[in-house]
Amino acid sequence: MIPRFCEVALPVPLRTTFTYAIPKHLADAEIIGSRVVVPFGNRAMAGVAVKFALNAQTGKSTKEIVEIVDAIPALTPELLALGEWISRYYVAPIGETLRSMLPPLAELREHREYGLTEQGREFYAEVRERGAAEAGEARDLEALETLGLAKGAVASTKLRRIPGGEAAAERLVRRGIAAARERMERKGERVQRIVAWNEAAAATNAKEEKAREILTAVRGPLPVALLLKEGVSRAVLARLEKSGKVTLWDEPFTAEEDPWEANFVPPANVLNAEQQNAITAVREWLVAGKFAAGLLHGVTGSGKTEVYLGAVEAALAQGRTAIVLVPEIALTLWVSRLVRARFGATVAVLHSGLADKERAHEWWRVRRGEARVVVGTRSAVFAPLTNLGLIIVDEEQETSYKQEETPRYNGRDAAVVRASLVNAVALLGSATPSLESSQNARIGKYKLLELTTRVADRPLARVRLVDLREEFKSSHRSAPASAALVAAIRKRFDEGTQALVLINRRGYSWYVLCRSCGAGVECQNCSIALSYHKGRARLECHYCGYSSAVPKVCPKCKSQYLYFVGDGAERVEEYLREQFAKARIGRLDRDTVRTKREYQKVLGAFARGELDLLVGTQMVAKGHDFERVTLVGVVAADLALGRPDFRAAERTFQLLTQVAGRAGRGHLPGEVLIETYYPEHYAIQHAVDQDYNAFFEREIHFRQVMHYPPFVALANVLVRDRKIENAIRWSQAIAGWFDSRKHSELKVLGPAAAALSKLRREYRFQILLKSPNRRLLAQALEGCLAFCAEKKIPESAVIADVDPVSLL
């Protein structure tokens, strides 16, 4: 029996699927897992067909699927199963979950259409007969005329050609004269003109010779646009085409190959015994053909990347495929270069920094089996590889693996679950593993692989503390960089080596303070002080993007005594330029690099020795390998310790250990200087010793005593609204619901104002749930969300964050 109905998951904040009829002309199509266009309300929407349904809802007419978008199903049964797990575990709507797993809808274009209602046609006839009687009618007359003369619906693109036409159409809709609906249509395929030199042809002048050289010896066939950029004029190209010396044709548009990838020769490394043992272990897990999860714990500079490459090679040798996840887009540049150098054109790169067209092209290349290895950030865990054998999660402790919008999944945990669904190997790697992963290795849930020494037996960098309290006693002033750090940098410049300085704070100053009344200048949308950016002469919010001019007087008391508190990366860079006027100094943060190209430019200049010193935020702390860096300085190392987060010590230890690993990675020994006002703190002390095991023992005891992960499961219920009264009322109602269902294994804390009590104009209150029983926690969250629906609390007002990485 041919199924007549199917369930479609739509990207709406509803925890249900919708039943649609399968039209006869689609009865034989591969529909499950495919994206389909369906009517939803007064608009067309793209969703995913997830399963067949035996019957539609009784008593209701069932709408039909309009079209199937994909030639082959976008999501395999395995990815549908993973999506269902994410939806269930993170209590997220299934439609929004599946949308996050799919490529951009580059094939479809959505637009709005307008048409007159019956009332509108009567009104139009009346206006034509008597003319516009009111100013409002005259203003909307041209749009009304366009809709009245049209034989069918009028697209918004046509109305935009009339001055104020689209706004006029919306006014007509509000008056009931017109009706509007959303439509989807396929985009035309973009093509580009390709030019190639005919081998039998000879150049007759210098300009033709230049074109011939580019199209043969240097680059080969090229898009015309790129050839013109190389300095060949359109006139020369036209003559060459007319004389038959070049051939031109059209091809589907694809992104230009990144020059960062071209002509790259990877470093030649000889594996040591520990690296070989790790690769052998992974190969054995692959051969066994059963699910295995491993934790690769290796000190900084121990060659974990070489183990990753060896593991990928072992998976490919078994005829299987592999995914390599990295925490940030910036790191995909370096890792993808290494992987492509080893495995060539079988590698695809997926991350949100790619243009939609480019990302969709790469995604479908993977889905069609043209790529067998995928390198990418968090969302690459959903790469549609078949016969998956290996998923590597590099720097598995990084918080960027956790998505901060629905669905709020953790890419690391999703990788482990996906591997378990297909009997693959999940390999998590880090020099500073999360406590959760280390605990899983300790209890035998993960298999532990260790790299205890650096490659070529290079020593770890020597770490030295700079006590800023003692420095202030001797100098009676506070500088952006200590005298000890300045002296150490000067020594490196004299030796002809390089230095890195980490200050994990953007901007010039942290905030502006009035010395008369004590008030700070806060964001209008968030309960946070604005940071000063000197280069732009603005105060800016790093959460919502709000900015304002720097006030000359205090907004509260009108005093002129304003004080700029704290030093950010911009101020540290300026101070070091003052100290070293002849040095070549660069800065790497989100203020100086906003695109992949800009990031490549700065890092490339530093790698080539064109910069002597690089100042940056945590973007410089991980994954980079600069052999001439012999000094790393950390300014304000204890910044994170003051955050209201039980993971503050873990984050501080991880950041300091990771950045310390950037020094001494070549043949020259390295040194690390850590500036702090709190040198006694155990996180800083163990980071100085680079002793992960000692830190783990201290921190795991704290977690156990205070009932925090990994000993309990955690969920944060965040209630938000632009009216504080609503946020308070709803949070109290939800807390009352939890209180009425007390359980000995479920601890409820709150409601209380969130640490960041106002964000993007919304007031925020949170309720923290702790339980050693994950099933009980999930049931409580499901019940809470059902209660919210029953009490008509808006879906957008309540966020349930399972396994939160931040409680701000």
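Residues numbered from 1 in each chain as written. Predicted model: local features only at pLDDT ≥ 70, side-chain atom pairs only at ≥ 80, totals over all residues. Heavy atoms only, no water.

(A) Structural context of the overall build of the chain. The helix and strand inventory of the chain stands at 24 helices and 33 strands. The C-alpha atoms of the chain give 30 Å as radius of gyration, which agrees with the globular expectation for 808 residues (28 Å, within 12%). Here the chain holds 808 residues, and the buried ones make up 53% of them. Considering only contacts in the chain between residues 6 or more positions apart, those separated by 24 or more positions represent 75%. Carbon and sulfur atoms form 50% of the exposed surface of the chain, whose accessible area is close to 37900 Å². Across the chain, the mean location of the 114 positive side-chain charges is 2 Å away from that of the 96 negative side-chain charges. (Helix = DSSP H or I, 4+ residues; strand = E, 2+ residues; numbered from the N terminus. Rg over C-alpha atoms; globule rule 2.2 N^0.38 Å. Buried < 20%, exposed > 50% of the residue type's maximum accessible area, 1.4 Å probe, protein only. Contact = heavy atoms within 4.5 Å. Areas by Shrake-Rupley, 256 points an atom, 1.4 Å probe, with all protein chains shown as cover. Lys, Arg positive; Asp, Glu negative; His and termini not counted. Charge placed at Lys NZ, Arg CZ, Asp CG, Glu CD.)

(B) Here's a closer look at the sheet that holds strand E19 (residues 462-467). The 6 strands lie next to each other as E19-E29-E28-E20-E27-E26, forming an open sheet whose pairing is parallel. Of all the strands in the sheet, just E19 and strand E26 (585-588) have a single pairing partner and so form its edges. Sheet twist, expressed as the mean angle between neighbouring strand axes with direction ignored, is 20°. Bridging between strand E20 (residues 498-503) and strand E27 (residues 613-616) involves 4 bridges; their strand directions are parallel. Along E27, the bridge assignment pairs Leu-500 with Leu-614. Contacts from helix H17 (residues 483-495) reach E19, E20, E27, strand E28 (629-635) and strand E29 (671-676), with the element oriented near 160° to E28. Sitting on the sheet, helix H21 (residues 682-689) touches E19 and E29, and the angle it makes with E19 is about 145°. (Pairing = 2+ DSSP bridges. Axes fitted to C-alpha atoms, helices over the stretch in contact; angles between N-to-C directions.)

(C) How the structure looks around the state of the cysteines. Considering all chains together, one arrives at 0 disulfides under this definition. Free cysteine Cys-514: the closest other cysteine sulfur is in Cys-557, separated by 3.6 Å. Summary of cysteine pairing: Cys-526 is not part of a disulfide, and the nearest cysteine sulfur, belonging to Cys-544, is at 3.9 Å. (Disulfide = S-S within 2.5 Å.)

(D) Fine view of the packing of helix H20 (residues 648-660) against H21. Packing of H20 against H21 leaves a shortest axis separation of 9 Å and a crossing angle of 25°. Between H20 and H21, the interaxial angle falls into the category roughly parallel. Along this stretch, H20 crosses H21, giving a crossing that reads as right-handed. Across the interface between the two elements, Ala-649, Thr-652, Phe-653, Leu-656 and Thr-657 of H20 pack against Tyr-682, Ala-683, Ile-684, His-686 and Ala-687 of H21. Of the residues assigned to the contact of H20 with H21, the class counts are 7 nonpolar, 3 polar and no charged. (Parallel < 35°, antiparallel > 145°, perpendicular 65-115°, else oblique. Left-handed = near helix turned anticlockwise from the far one by under 90°. Nonpolar A, V, L, I, M, F, W, Y, C, P; charged D, E, K, R; others polar.)

(E) Examining the sheet that holds strand E14 (residues 347-350) more closely. With parallel pairing, 7 strands are arranged side by side in an open sheet as E14-E15-E13-E16-E17-E12-E18. Each edge of the open sheet is held by one strand with a lone partner, namely E14 and strand E18 (447-451). Taken pair by pair, the neighbouring strands of this sheet meet at an average axis angle of 15°, ignoring direction. Bridge analysis of strand E12 (residues 292-298) against strand E17 (residues 425-430) gives 6 bridges, and the strand direction is parallel. The residue bridging Ala-293 from the neighbouring strand is Ala-426, located in E17. Sheet strands touched by helix H13 (residues 356-367): E14 and strand E15 (373-376). Its angle to E14, the strand with the most contacts, is close to 140°.

(F) Fine view of the packing of aromatic side chains. In the structure shown here, the tally under the stated rule is 18 aromatic pairs. Centre to centre, the rings of Trp-85 and Tyr-90 are 5.8 Å apart; their planes meet at 90°, and the pair counts as edge-to-face. Each member of the pair, Trp-85 as well as Tyr-90, is classed as buried. Judged by centre distance (4.7 Å) and plane angle (45°), the rings of Tyr-532 and Phe-564 are tilted. Separated by 32 residues along the polypeptide, Tyr-532 in strand E22 (residues 531-533) and Phe-564 in strand E25 (residues 562-565) bring together distant segments of the chain. (Phe/Tyr/Trp six-rings, centres within 6.5 Å; stacked < 30°, edge-to-face > 60°.)

(G) Highlighting the side chain of Glu-699. Along the polypeptide, Glu-699 turns up in helix H22 (residues 692-706). The buried category is assigned to Glu-699, whose relative accessible area is 0%. In this structure the side chain of Glu-699 is engaged in a polar contact, spanning 2.5 Å, whose partner is the side chain of Tyr-682. The contacts of Glu-699, once residues within four sequence positions are left out, are Leu-435, Phe-646, Ala-649 and Tyr-682. (Polar contact = N/O pair within 3.5 Å; in protein donor to acceptor, adjacent residues only side chain to side chain.)

(H) Fine view of the environment of Ile-32. The topology assignment puts Ile-32 in the loop between strand E2 (18-21) and strand E3 (35-40). Each C-alpha atom, one on Ile-32 and one on Pro-77, is 8.4 Å from the other, the two residues being 45 residues apart in sequence. Look past the residues within four positions of Ile-32 in its chain and what remains in contact with it is Ala-49, Val-50, Lys-51, Phe-52, Pro-73 and Leu-80.

(I) Spotlight on the nonpolar core. Counting residues in hydrophobic clusters, the biggest one holds 72 residues, and the most contacted among them are Leu-75, Leu-98, Leu-325, Val-374, Ile-734 and Leu-769. The element best represented in this core is helix H24 (residues 774-790), accounting for 8 residues. Leaving out residues up to four positions away in the same chain, Leu-75 has contacts with Gly-33, Val-48, Leu-80, Leu-98, Met-101, Leu-102 and Trp-363. With 43 residues, the next largest nonpolar core counts Val-463, Ala-621, Phe-626 and Ala-649 among its residues. (Core = buried A, V, L, I, M, F, W, Y, C linked by side-chain atoms within 4.5 Å.)

(J) Spotlight on the confidence of the model for the chain. Mean pLDDT over the chain works out to 89, with 94% of the residues at or above the 70 mark. Per-residue pLDDT stays below 50 along residues 255-263; that stretch engages in 14 contacts with residues further than four places along the chain or on separate chains. (pLDDT = per-residue confidence, 0-100.)

(K) Main features of helix H1 (residues 77-89). In this model, H1 (13 residues) spans 18 Å end to end at C-alpha, consistent with the 18 Å of a helix rising 1.5 Å per residue. Listed as buried for H1 are Glu-78, Leu-79, Leu-80, Leu-82, Gly-83, Trp-85, Ile-86 and Ser-87. Taken together, the buried residues of H1 touch strand E4 (43-53), helix H2 (94-101) and helix H14 (411-421). After H1 finishes, the residue Val-91 shows a positive phi value of roughly 40°. (Expected span 1.5 Å × (residues − 1).)

(L) Just the pattern of salt bridges, in detail. Taken as a whole and assessed by the stated rule, the structure comprises 42 salt bridges. One salt bridge connects Arg-160 with Glu-166, and the closest N-O pair in it is separated by 2.9 Å. Overlapping salt bridges, with partners in common, bring together Arg-462, Arg-464, Arg-492 and Glu-671 in one network. (Salt bridge = Lys/Arg side-chain N within 4 Å of Asp/Glu carboxyl O.)

(M) Looking closely at the environment of Leu-98. Within the element layout of this structure, Leu-98 appears in helix H2. For the pair formed by Leu-98 and Leu-603, sequence separation is 505 residues and the distance between their alpha carbons is 36 Å. Other than its neighbours up to four places away in sequence, Leu-98 contacts Ala-9, Val-48, Val-50, Leu-75, Leu-80 and Gly-83.

(N) How the structure looks around the packing of helix H15 (residues 435-442) against H22. Their axes nearest at 11 Å, the elements H15 and H22 cross at an angle of 95°. With respect to their mutual orientation, H15 and H22 come out roughly perpendicular. Counted together, Leu-435, Glu-436, Ser-438, Gln-439 and Arg-442 of H15 and Tyr-692, Phe-695, Phe-696, Glu-697, Glu-699, Ile-700 and Arg-703 of H22 form the full contact between these two elements.

(O) Region of interest: helix H3 (residues 118-130). When the terminal C-alpha atoms of H3 are compared, their 19 Å separation across 13 residues agrees well with the 18 Å that a helix rising 1.5 Å per residue should span. Gly-131 sits one or two positions beyond H3 and adopts a positive phi of about 85°.

(P) Just the pairing of E29, in detail. E29 sits mainly inside the fold: 6 of its 6 residues count as buried. Residue alternation in E29 divides its side chains into two sets, Glu-671, Leu-673 and Glu-675 and Val-672, Ile-674 and Thr-676, and both sets are buried. Bridge count between E19 and E29: 6 bridges; the pairing is parallel. Residue pairing for E29: Val-466 is matched across the bridge by Glu-675. When E28 meets E29, the two strands line up parallel, connected through 4 bridges.

(Q) Region of the structure containing unusual backbone geometry. For the peptide bond that leads from Pro-709 to Pro-710, omega is 15°, which places it in the cis range. You can see Pro-710 is positioned in the loop between H22 and strand E30 (713-721). Here the residue pair Gly-750 and Pro-751 is connected by a cis peptide bond, since its omega of 15° sits within 30 degrees of zero. Phi at Gln-690 takes a positive value of approximately 50°, unusual for a residue other than glycine. One non-glycine residue, Arg-761, lies in the positive phi region at around 75°. Mapped onto the elements, Arg-761 comes out in the loop between strand E31 (747-759) and strand E32 (762-771). Since its relative accessible area comes to 46%, Arg-761 is described here as partly exposed.

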